[in-house]
Amino acid sequence: MPVYEVNNVKLFYKINGSGEPIIFTHGHSMYHKQWEPQVKELSNDYQTIV
């Protein structure tokens, strides 16, 4: 599982595709999988980061 750690906080991230990056963020009570439809479609032409 890819994790970025800063100031004792671990942040999960997932990268798909290649090209110009698009970063997807969500609110505190949301889940990264909410972006699956957009990531699936956009990863063909862009690098998606959730």
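Here, residues in each chain are numbered from 1, in the same order as that chain's written sequence. Selection of residues for local features in this predicted model requires a pLDDT of at least 70, selection of side-chain atom pairs for listing and counting requires 80 or more, and totals for whole chains, interfaces and linings are taken over all residues. Computation of side-chain values covers all heavy atoms of the structure but excludes hydrogens and water.

Re unusual backbone geometry
Then step 1. With a phi angle near 50°, N7 is a residue other than glycine that sits in the positive phi range.
Then step 2. Residue exposure (1.4 Å probe, protein chains only): buried if accessible area is under 20% of the type maximum, exposed if over 50%, otherwise partly exposed. Looking at N7, the relative accessible area reads 69%, which means it is exposed.
Then step 3. The phi angle at N8 is positive, at roughly 65°, despite the residue not being glycine.
Then step 4. Numbering of helices and strands runs from the N terminus, with a helix taken as a DSSP run of H or I at least four residues long and a strand as a DSSP run of E at least two residues long. Tracing the sequence through the fold places N8 in the loop between β1 (3–6) and β2 (9–12).
Then step 5. Residue N8 is classed as exposed on the basis of its relative accessible area of 72%.

So, the packing of aromatic side chains
Then step 1. Classification of ring pairs rests on two measures: the distance between centres of Phe, Tyr or Trp rings, Trp counted by its six-membered ring, which must be within 6.5 Å, and the angle between planes, read as stacked under 30 degrees, edge-to-face over 60 and tilted in between. As enumerated under the stated definition, the model contains one aromatic pair in all.
Then step 2. Measuring from centroid to centroid gives 5.1 Å for F24 and W35, while their planes differ by 45°, and the two rings are tilted. One end of the pair, F24, is in the loop between β4 (21–23) and α1 (36–42); the other, W35, is in the loop between β4 and α1, and eleven residues separate them in sequence. The same class applies to F24 and to W35, which are both buried.

A short note on the sheet that holds strand β5 (residues 47–49)
Then step 1. A pair of strands is treated as paired once DSSP finds two or more bridges between them. Ordered by their spatial adjacency, three strands build an open sheet running β3-β5-β4, and the pairing between neighbours is mixed. In this open sheet, the two strands that pair with only one neighbour each are β3 (15–16) and β4.
Then step 2. Pairing geometry for β3 and β5, over two bridges, is antiparallel. Along β5, the bridge assignment pairs I15 with I49.

A closer look at the environment of K10
Then step 1. Among the structural elements, K10 can be located in strand β2.
Then step 2. Two residues qualify as a contact provided that any one of their heavy atoms is within 4.5 Å of a heavy atom in the partner residue. With residues up to four places along the chain from it excluded, the contact list for K10 reads V3, Y4 and E5.

Describing the side chain of H32
Then step 1. Within the secondary structure, H32 sits in the loop between β4 and α1.
Then step 2. Discounting chain neighbours no more than four positions away, the residues touching H32 are F12, H26 and V50.

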